[in-house]
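Summary of structural features
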Amino acid sequence: MGTLIHGRHSGHAPVVLRARHLVGRAARCDLQLTEPSVSGEHALLLFDDGAWWVRDLGSRNGTRVEEEPLEPGQARKLAEGSRVNFAGSGPWILGDGDPPRAAAMLVGGNTVVELSAGMIALPSEEDPEVLVTQVPDGSWTAQRADGDEPVSDGQIITVGTARYRLSLPTLLSATLTVAERMPTVDDCRLRFRVSQNEEAVEVDIIGSGKTLSLPERAHHYPLLHLSRLRRQDLANDVPAHEAGWIDRHQLAADLRTSSTSLNVQLYRARKQYAEAGLGGAEELIARRGREIRLNVDETEEGPLG
């Protein structure tokens, strides 16, 4: 992802760039500068047409690229290593010209948590208290234990005592040929292979003419439990749209684990499924307030080995 580095202070942490990154003295700016010569909204860095650009926003004391001043409103294309001065602040150097990626940046710190397997896990993958994911309509949501909330690019969210600014650029998926197409949550079925003592579970993801086999992991068991609940409800004539829902705290109690441990296992399951190639794996677990269910219509179960 694009980064901006202060050319005079080697200890200054790189600034991770959002797709539209406002520079200036105002508190609302993404890069807030303190020099009095810098205007409130001085310049805009943006990623467009495969490259980073800087545009002067009619600042009082100007923006320079490689010491060449920009006219008010003028944009200049940047290359990696380009040096930019915002009035008396700089030089700032484009250290990485890669496109912006979805991430969360710790406010007041240097931590950047990037999108992994379709999810941003905050504060970390080891302790996924909040998961930021993109939903099918292209918008984003922050999933918490007590429910979901819509989030947007540039928004600041609180996780524990920490605050994170979200960078959520539009993500476009490549068009796949029929031969390349992989199973998705919407059209796959899951085959759970379970040992006699139920201590080992393996999973096959079947769809699009492919079978993705996942080795034994502890986090398969909560999904097996959810699949059993859904199949049992359907066998008892529960309407399909109501089948399989369970309060997450009740699920943790049924599995004799803590809610925190359950969150970690469900996150690891979604990540493993995504890394195996399942499309939309971040939607593997459906959520409805505090209730969850396995978001796969068709599952089956058989012996392991």
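Up top is the structure.
Some points on helix H1 (residues 220-235)
The terminal C-alpha atoms of H1, which comprises 16 residues, lie 23 Å apart, in line with the 22 Å expected from a rise of 1.5 Å per residue. When H1 is considered as a whole, its buried residues turn out to be His220, Pro222, Leu223, Leu224, His225, Leu226, Ser227 and Arg230. Looking at the residues trailing H1, positive phi occurs at Asp237, about 65°.

Looking at the sheet that holds strand E4 (residues 31-32)
The strand order E4-E3-E5-E6-E9 describes an open sheet built from five strands, whose pairing is mixed. Of all the strands in the sheet, the pair left with one neighbour each is E4 and strand E9 (75-78). Two elements, strand E3 (residues 20-24) and E4, share two bridges in a ladder whose sense is parallel. Within E4, the position partnered with Val23 by the bridge is Leu31.

A few points about the pairing of strand E25 (residues 291-294)
On a regular strand, each side chain points to the face opposite its neighbour's, so the side chains alternate between the two faces of the sheet. Here strand E23 (residues 246-247) runs beside E25; their pairing, made up of two bridges, is antiparallel. By the bridge assignment, Asp247 is partnered in E25 with Glu291. Examined bridge by bridge, strand E24 (residues 285-288) and E25 share four bridges and lie antiparallel to one another. Across the sheet, the residue bridging to Arg287 is Ile292, located in E25. Linking E24 to E25, which pair antiparallel, is a turn of two residues; within it Gly289 sits at a positive phi near 65°.

Calculation criteria
- Residues numbered from 1 in each chain as written.
- Predicted model: local features only at pLDDT ≥ 70, side-chain atom pairs only at ≥ 80, totals over all residues.
- Heavy atoms only, no water.
- Helix = DSSP H or I, 4+ residues; strand = E, 2+ residues; numbered from the N terminus.
- Expected span 1.5 Å × (residues − 1).
- Buried < 20%, exposed > 50% of the residue type's maximum accessible area, 1.4 Å probe, protein only.
- Pairing = 2+ DSSP bridges.

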